[in-house]
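The lines below spell out each chain.
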Amino acid sequence: MTQFRGTYSVMVTAYDDAGNFDPARMARYTDWQVTEGIHGLIPLGSTGEFLSLSRAEREAVARCVVDTVAGRVPVLLGAGAESTEEVIENCRMAEAVGADGVMIIPPFYSTPTEEELYRHYARISEATDLPIMLYNNPATANVDLTAPIVARLSTLEGVDYIKESTMDVTRVRDILDLCGDRMTVFGGIMGFESFVNGAEGWVAVGSNILPRDCARLFTLTADAQDYDAARALYARMLPVIRLVGGHRYVSATKKALELMGLPTGDPRSPRLPLPEADMPELLAAMKATDLLELAEA
């Protein structure tokens, strides 16, 4: 079984100008990610607006990405849902289209207890043979997968990875301390800081528009341990990482891709396109990372 590590883009979903899923745009953007050197791809996450897609659209996105990648890099599908039964259905769809794994955020409305979380993931573990990446994002899921809870979940078959998306990098340390080799940690927000603390990967938003640099940041830090070079690259990338943080993670990413000649359409309602007032910051971030040169080429 493939060991997942490296920088994985949590992908936007490509739409046409009328707002419908556009497989041609999605395939072009997917192929560009791979040829730029990204280590893995995750469609149907929060950045992919999975809650704004129908079941048929989610399957269409999944098939498009898996077929376009054609085994060149791992593809994990976002499979989160509020009910355990729907998550299991999503996992079965992931198996059917040939995905390499699934990323599963906790139920994001019901505020489950630790026992409810354990039984939720236990049922999923029993229902799929795919590797499972937990996704901890308390700001959106309304539940925090603390290190002790993660340690308990890591005893389940196939629950071998976590995307840790708090701003507390000591979580990486504590998860590794409590789980040992049962759990591989991916940073969800802070890549460089997570690598230094032992993370083996990064599920990144910024790599949607900076795949080569985000992949290289992992290689420099986790593999080469060239911290000076990694820190310099990270400083150069920070304007983009900050730009796509917070509420602009979909709108700023999509606008940047449009300017780079890789249009993926506007976000779906209730999200709005990037406000005109934010364009100067977008252009400054793209200039700082030489992305405007690509846009003008």
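Structural data are supplied above this passage.
This write-up is about the structure you can find in this document.

Quick notes on the rules
- Residues numbered from 1 in each chain as written.
- Predicted model: local features only at pLDDT ≥ 70, side-chain atom pairs only at ≥ 80, totals over all residues.
- Heavy atoms only, no water.
- Buried < 20%, exposed > 50% of the residue type's maximum accessible area, 1.4 Å probe, protein only.
- Helix = DSSP H or I, 4+ residues; strand = E, 2+ residues; numbered from the N terminus.
- Pairing = 2+ DSSP bridges.
- Right-handed = clockwise from strand over helix to strand, strands pointing away.
- Polar contact = N/O pair within 3.5 Å; in protein donor to acceptor, adjacent residues only side chain to side chain.
- Contact = heavy atoms within 4.5 Å.
- Axes fitted to C-alpha atoms, helices over the stretch in contact; angles between N-to-C directions.
- Parallel < 35°, antiparallel > 145°, perpendicular 65-115°, else oblique.
- Left-handed = near helix turned anticlockwise from the far one by under 90°.
- Nonpolar A, V, L, I, M, F, W, Y, C, P; charged D, E, K, R; others polar.
- Salt bridge = Lys/Arg side-chain N within 4 Å of Asp/Glu carboxyl O.

**Some details on the pairing of strand β4 (residues 101-104)**
Link 1 in the chain: Burial of β4 is two-sided: the residues Gly101 and Met103 facing one way and the residues Val102 and Ile104 facing the other way are all buried.
Link 2 in the chain: As defined by bridge partners, strand β3 (residues 76-78) adjoins β4 across three bridges and the pair is classed as parallel. Paired with Leu76 across the strands is Gly101, a residue of β4.
Link 3 in the chain: Read from β3 through helix α3 (residues 84-97) to β4, the crossover connection turns out right-handed.
Link 4 in the chain: Of the strand pairs in this sheet, β4 and strand β5 (residues 132-136) are connected by three bridges, and their pairing is parallel. Looking at the pairing, Met103 lines up with Met133 of β5.
Link 5 in the chain: The parallel pair β4 and β5, bridged by helix α4 (residues 114-127), forms a crossover whose chirality is right-handed.

**What about the side chain of Thr221?**
Link 1 in the chain: Relative to the assigned elements, Thr221 resides in helix α9 (residues 211-223).
Link 2 in the chain: Under the relative-accessibility criterion, Thr221 is labelled buried at 1%.
Link 3 in the chain: Among the polar contacts made by the side chain of Thr221, one reaches the main-chain carbonyl oxygen of Leu217 at a distance of 2.8 Å.
Link 4 in the chain: Among residues more than four places away in sequence, those in contact with Thr221 are Phe192, Phe195, Val196, Tyr227 and Ala230.

**Quick look at the packing of helix α10 (residues 227-243) against helix α12 (residues 279-288)**
Relative orientation and spacing of two packed helices are given, respectively, by the angle between their axes and the distance between those axes.
Link 1 in the chain: Taken N-terminus to C-terminus, the directions of α10 and α12 make an angle of 150°; their axes are 8 Å apart at the nearest point. Between α10 and α12, the interaxial angle falls into the category roughly antiparallel. Of the two elements, α10 crosses α12, and the hand of that crossing is left-handed. For the pair formed by α10 and α12, the contact residues are Arg236, Pro239, Val240 and Leu243 on the first element and Glu281, Leu282, Ala285 and Ala288 on the second.
Link 2 in the chain: A class-by-class count of the residues in the contact of α10 with α12 yields six nonpolar, no polar and two charged.

**Brief notes about the pattern of salt bridges**
Note on pairing: side chains with opposite charge can pair once their charged atoms come close.
Link 1 in the chain: Counted according to the given criterion, the structure contains 24 salt bridges.
Link 2 in the chain: With its nearest N and O atoms 3.5 Å apart, the salt bridge here joins Arg58 to Glu86. Of this pair, Arg58 sits in helix α2 (residues 55-69) while Glu86 sits in helix α3, placing them 28 residues apart in sequence.
Link 3 in the chain: Of the residues examined, Arg58 reaches a relative accessible area of 11% and is grouped as buried.
Link 4 in the chain: We classify Glu86 as partly exposed; its relative accessible area is 27%.
Link 5 in the chain: For Arg152, the salt bridge is made with Glu114, and the minimal N-O distance between the two is 3.5 Å. In this pair, Arg152 sits in helix α6 (residues 147-153) while Glu114 sits in helix α4, placing the two residues 38 residues apart along the sequence.
Link 6 in the chain: Each member of the salt-bridge network shares a partner with another, and the members are Glu114, Glu115, Arg119 and Arg152.

Read these as geometric descriptors, not functional statements.
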